Amino acid sequence: HATIVLNHWRRPVENLRGQLRAGLANGVPVWVCIFGSPHADEYVEEIRHVQAEHPSGHLVRLVFSDVDLGVQGRFQVALGVKTRFIYIVDDDVIFPATAIEQ
């Protein structure tokens, strides 16, 4: 099994939406890191919507800080993941739903 760790800071909320769709299509946990982002409100709203409306929304976890933890933050979060594999993805990467299978 795998966990996807998404790091969102600056890209449009549409990128997050696409990443969540692709991740949840695999039925794996998706942890979204938002650290000191100027778009935090939009990201949190999208995450809450997916958690409430998507059949696999319970797999989405929000890791939030109003402090920018830099590039190290996502790796600190990854240390808490309990699955064998971790896929760490930046907010500028659009990946297909089949990425986890590969």
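Residues numbered from 1 in each chain as written. Predicted model: local features only at pLDDT ≥ 70, side-chain atom pairs only at ≥ 80, totals over all residues. Heavy atoms only, no water.

K.L.:
How should the overall build of the chain be read in this particular structure?
P.N.:
Check the secondary structure of the chain and you find three helices and four strands. The helix and strand sequence of the chain, counted from the amino end, reads β-α-β-α-β-α-β. For the chain, the C-alpha radius of gyration of 12 Å lies close to 13 Å, the compact-globule estimate for 102 residues. In the chain, buried positions account for 41% of the 102 residues. Restricting the contact set of the chain to residue pairs at least 6 apart, pairs at least 24 apart contribute 78%. By element, 53% of the accessible surface of the chain is carried by carbon and sulfur atoms, the whole surface being about 5900 Å². Placing the 9 positive and 12 negative side-chain charges of the chain at their respective mean positions leaves the two points 7 Å apart. (Helix = DSSP H or I, 4+ residues; strand = E, 2+ residues; numbered from the N terminus. Rg over C-alpha atoms; globule rule 2.2 N^0.38 Å. Buried < 20%, exposed > 50% of the residue type's maximum accessible area, 1.4 Å probe, protein only. Contact = heavy atoms within 4.5 Å. Areas by Shrake-Rupley, 256 points an atom, 1.4 Å probe, with all protein chains shown as cover. Lys, Arg positive; Asp, Glu negative; His and termini not counted. Charge placed at Lys NZ, Arg CZ, Asp CG, Glu CD.)

K.L.:
Sorry if this is basic, but what is going on with the pairing of strand β1 (residues 2-8) here?
P.N.:
The side chains of a regular strand alternate between both faces of the sheet. Counting buried positions over the seven residues of β1 gives seven, a clear majority of the element. Along β1, one buried face is formed by A2, I4, L6 and H8 and the opposite face, lined by T3, V5 and N7, is buried too. Pairing of β1 with strand β2 (residues 30-35), which is carried by five bridges, proceeds in the parallel orientation. Residue pairing across strands places V5 opposite W31, the latter belonging to β2. Crossover connection from β1 via helix α1 (residues 13-24) to parallel β2: handedness right-handed. (Pairing = 2+ DSSP bridges. Right-handed = clockwise from strand over helix to strand, strands pointing away.)

K.L.:
Help me understand helix α2 (residues 40-53), please; the structure alone is not making it clear to me.
P.N.:
Turn by turn, an α-helix covers 3.6 residues, leaving residues three or four places apart pointing in a common direction. The terminal C-alpha atoms of α2 lie 20 Å apart, and with 14 residues this matches the ideal 20 Å at 1.5 Å per residue to within 8%. Looking at the packing, one finds that the buried side of α2 touches β1, α1, β2 and β3 (60-65). (Expected span 1.5 Å × (residues − 1).)

Function cannot be read off these values alone, since they describe shape.
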